[in-house]
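Read off the chains here:
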Amino acid sequence: MPDDGPLRAFLGVERSLTGRRWHGPGPEAERRAEMIGQDTGLPPALCQTLARLGVEPAGALRYLEPQLRDLLPDPRSLRDMEPAAGRLVAAVRRDERIAIFADYDVDGGASAALLVDWLRAFGRTATVYVPDRIDEGYGPNPPAMAALAQGHDLIVCVDCGTLSHEAIAAAKGADVVILDHHLGGETLPPALAVVNPNRQDESGDLAHLCAAAVVFLTLVEAGRQLRQSGEPAPDLLGLLDLVALATVADVAPLLGVNRAFVRQGLKVMARRERPGLVALSDIARLDTAPNAYHLGFVLGPRINAGGRIGAADLGARCLATTDPDEARALAARLDKLNTERREVEAAVREEALAQAEARGTDGPLVWAAGEGWHPGVVGIVAARLKEALNRPAVVIGLDGNLGKGSGRSVAGVDLGAAVQRVAREGLLEKGGGHRMAAGLTVSRDRIEAAMARLGELLARQGADAAGPADLRIDALLMPDAATPELLADLDRAGPFGMGASAPRFAFSALTVLDARQVGDTHLKLSVGGGGGARIDAIAFGAFEGPLGPALAAARGARMHLAGRLELNTWGGRQRVQLRLEDAAPAD
């Protein structure tokens, strides 16, 4: 998003308790916020949020009500879309045998469920095949594709396949359609159609779409072709819950049509019509309508758990089923696997962080590799390293002579392209992904050289220029202004997530009235201002760093606080609390 002018220390905080500098909006953003307020009469905090998101005054009211019909791109703007959709329509008309080869993450599972739902509307079924992460790895493989081709007329690869030349060639006797979003290579596999906004011959205008969004656009085009022939087509709006889930869980930027997908999809999800999502919400004890946070941090990890450490197809099956009893059983298994995944992740994270710090964290890449680290958690651990150190991170699990790794990037650094180049150069066995995430396979004896080369490529993109992430503040608030009504106003600018972060507010010189440790690592805080107004705050994981101990010892002191607002429902009452991210002494 555009910002402007020199950054200034907000509230004079040059170094907070977590070592960060606070800065507020630049002069241009402040002017834009003022103009939005003058033109619309919207509350100042909302105007400041819109200005930071780059919304111009003339489009502010329209931005608050994103309409899918206005933002949905023409599916035919993507290459191979017409033959891909036409092949799906032909398979339905001829009652052909259809297989869906899906990735094992949320995006793959949601993409598969989209196709299953659409085919169900015609009374058709499909075989859903999800590869085992450990035994088969990511994407189509020749044995699986050859076996599927023997029993099916059409194979649709979702969230995978763009780089799988050998595997696609093995599907002899069946047509293959690829619906993907991962970065493409210089040549495409021998499929009937490859619909992918990240093909090298695409414009890049739709590069922010996840695979489920590509599948949805394909179904839009299929519906158009059916209607042009005078045939009925299913209503697709009820499928937007799956598109929303995948968009958030795959960390796609919530911009343009993605924002509309999530906004409308959350409304569909609130109707509780999909048994799998209902069961997952219930087992996670969600007692409110889901929001983007729930998709990314509550539902998404549970759906992913099957592909990470359990049966790979559990997530897709849970999302696709129409049987509430089956949904509850699958949700229970996924919830149990998610608990096990957290335990495995914690052990790997501790070792990986220690290794990365010993190697050094001031370069363009932080990485770690360990014997027997579970391939299902290396991506999550890479994300944790990236968040902690503000550097692109790669974590590799070693097994025999090979290592399977996963990487996560920071804003402005295209990790997928760099990994793909290192693979072309022969230092990786294989590798690919997209801007923010990538996967790779590497020989044990080439890890050091491959990571060094990857670091060189990332340095060219400025990955080594980032310091500890400064904290960006949208506005200053008083405790009595943090009301449910304000949250409702701010929610109109959402949903918030990747590329459109939730607003962060600062509270100035509040007195710490109470501070106590909750659980092993969390901090519960109560602070008050001069007029008697007070606000409660919670800082998760605060005792894993300097924030918890410092604030726990600060009872009676005055502190500047910064974080995001959320609604806390307890005992039938709703109160706004601060999700505390940082603090600094006020005196």
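Further up the page is the structure itself.
Scope of this entry: the structure provided in the associated data block. (Residues numbered from 1 in each chain as written. Predicted model: local features only at pLDDT ≥ 70, side-chain atom pairs only at ≥ 80, totals over all residues. Heavy atoms only, no water.)

## Topic: the overall build of the chain
Part 1 of the argument: When its secondary structure is counted, the chain shows 20 helices and 18 strands.
Part 2 of the argument: Relative to its length of 587 residues, the chain is compact, with a C-alpha radius of gyration of 24 Å against a globular reference of 25 Å.
Part 3 of the argument: Projected onto the principal axes, the alpha-carbon positions of the chain cover approximately 75 × 60 × 45 Å.
Part 4 of the argument: With 587 residues in all, the chain has 54% of them scored as buried.
Part 5 of the argument: The contacts of the chain with a sequence gap of at least 6 include a subset with a gap of at least 24, amounting to 64%. (Helix = DSSP H or I, 4+ residues; strand = E, 2+ residues; numbered from the N terminus. Rg over C-alpha atoms; globule rule 2.2 N^0.38 Å. Buried < 20%, exposed > 50% of the residue type's maximum accessible area, 1.4 Å probe, protein only. Contact = heavy atoms within 4.5 Å.)

## Considering the pairing of strand 9 (residues 402-408)
Part 1 of the argument: Summarising the sheet, strand 8 (residues 393-399) and strand 9 pair through seven bridges and their orientation is antiparallel. Bridged to G397 within strand 9 is K404.
Part 2 of the argument: What sits between strand 8 and strand 9 in their antiparallel hairpin is a turn of two residues, with G400 showing a positive phi close to 70°. (Pairing = 2+ DSSP bridges.)

## Observations concerning unusual backbone geometry
Part 1 of the argument: Cis geometry marks the peptide bond from G494 to P495, where omega comes out at 0°.
Part 2 of the argument: By secondary structure assignment, the location of P495 is in the loop between helix 19 (484-491) and strand 14 (505-518).
Part 3 of the argument: Even without being glycine, D159 reaches a positive phi, approximately 65°.
Part 4 of the argument: With respect to the element layout, D159 can be found in the loop between strand 4 (154-158) and helix 8 (165-169).
Part 5 of the argument: On the basis of relative accessibility, which here comes to 0%, the residue D159 falls in the buried class.

## Observations regarding empty space enclosed by the protein
Part 1 of the argument: Taken as a whole and assessed by the stated rule, the structure comprises two cavities of 30 Å³ or more.
Part 2 of the argument: When its volume is computed, the largest cavity comes out at roughly 50 Å³.
Part 3 of the argument: Around the largest cavity, the lining residues are D103, Y104, D105, G109, V130, I303, G307, A312, D313, G315 and A316.
Part 4 of the argument: Secondary structure elements with two or more residues in the lining of the largest cavity: helix 13 (292-309) and helix 14 (314-320).
Part 5 of the argument: Class assignment for the residues of the lining of the largest cavity results in five nonpolar, three polar and three charged.
Part 6 of the argument: One number sums up the size of the second largest cavity: a volume of about 40 Å³.
Part 7 of the argument: Taken together, P25, A29, Q48, A51, R52, R472, I473 and D474 make up the full set of residues lining the second largest cavity.
Part 8 of the argument: Across the lining of the second largest cavity, the residue classes break down as four nonpolar, one polar and three charged. (1 Å grid on protein atoms, 1.4 Å probe; cavity = no way out; pocket = protein on both sides within 12 Å on 5 of 7 lines; lining within 4 Å. Points joined across faces, edges and corners; volume = space filled by probe spheres on them. Nonpolar A, V, L, I, M, F, W, Y, C, P; charged D, E, K, R; others polar.)

## Some points on the side chain of T521
Part 1 of the argument: Mapping T521 onto the fold places it in the loop between strand 14 and strand 15 (522-528).
Part 2 of the argument: Polar side-chain contacts of T521 include one of 3.2 Å to the side chain of H522.
Part 3 of the argument: Look past the residues within four positions of T521 in its chain and what remains in contact with it is A539, G541, A542, F543 and E544. (Polar contact = N/O pair within 3.5 Å; in protein donor to acceptor, adjacent residues only side chain to side chain.)

## Comments concerning the packing of helix 1 (residues 27-40) against helix 2 (residues 44-52)
Part 1 of the argument: At a closest axis distance of 8 Å, the pairing of helix 1 and helix 2 adopts a crossing angle of 130°. When the axis of helix 1 is compared with that of helix 2, the two are oblique. For the element pair helix 1 and helix 2, the recorded crossing hand is right-handed. Together, A29, R32, A33, I36 and G37 of helix 1 and C47, Q48, L50 and A51 of helix 2 make up the contact between the two elements.
Part 2 of the argument: Partitioning the contact of helix 1 with helix 2 into residue classes produces six nonpolar, two polar and one charged. (Axes fitted to C-alpha atoms, helices over the stretch in contact; angles between N-to-C directions. Parallel < 35°, antiparallel > 145°, perpendicular 65-115°, else oblique. Left-handed = near helix turned anticlockwise from the far one by under 90°.)

## Overview of the pattern of salt bridges
Where charged atoms of side chains with opposite charge meet at close range, the side chains can pair.
Part 1 of the argument: Within the structure shown, the criterion is met by 43 salt bridges.
Part 2 of the argument: Among the salt bridges present, the one from E96 reaches R94, with a minimum N-O distance of 2.9 Å.
Part 3 of the argument: Residues D514 and R516 are paired through a salt bridge, measuring 2.6 Å at the closest nitrogen-oxygen approach.
Part 4 of the argument: We classify R516 as partly exposed; its relative accessible area is 43%.
Part 5 of the argument: Through salt bridges with shared partners, a single network forms among D74, R76, E82, E221 and R224. (Salt bridge = Lys/Arg side-chain N within 4 Å of Asp/Glu carboxyl O.)

## Considerations on the sheet that holds strand 3 (residues 127-129)
Paired through their backbone hydrogen bonds, the strands of a sheet run either parallel or antiparallel.
Part 1 of the argument: The sheet built from five strands is open, its strands ordered 3-2-4-5-6 with parallel pairing. One side of each edge strand has no neighbouring strand; the edge strands of this open sheet are strand 3 and strand 6 (193-195). Ignoring strand direction, the axes of neighbouring strands in this sheet form an average angle of 15°.
Part 2 of the argument: Here three bridges tie strand 2 (residues 98-102) to strand 3, and the two strands are oriented parallel to one another. Paired with F101 across the bridge in strand 3 is Y129.
Part 3 of the argument: The strands touched by helix 9 (residues 211-228) are strand 4, strand 5 (175-179) and strand 6; relative to strand 5, the strand with the most contacts, the crossing angle is about 120°.

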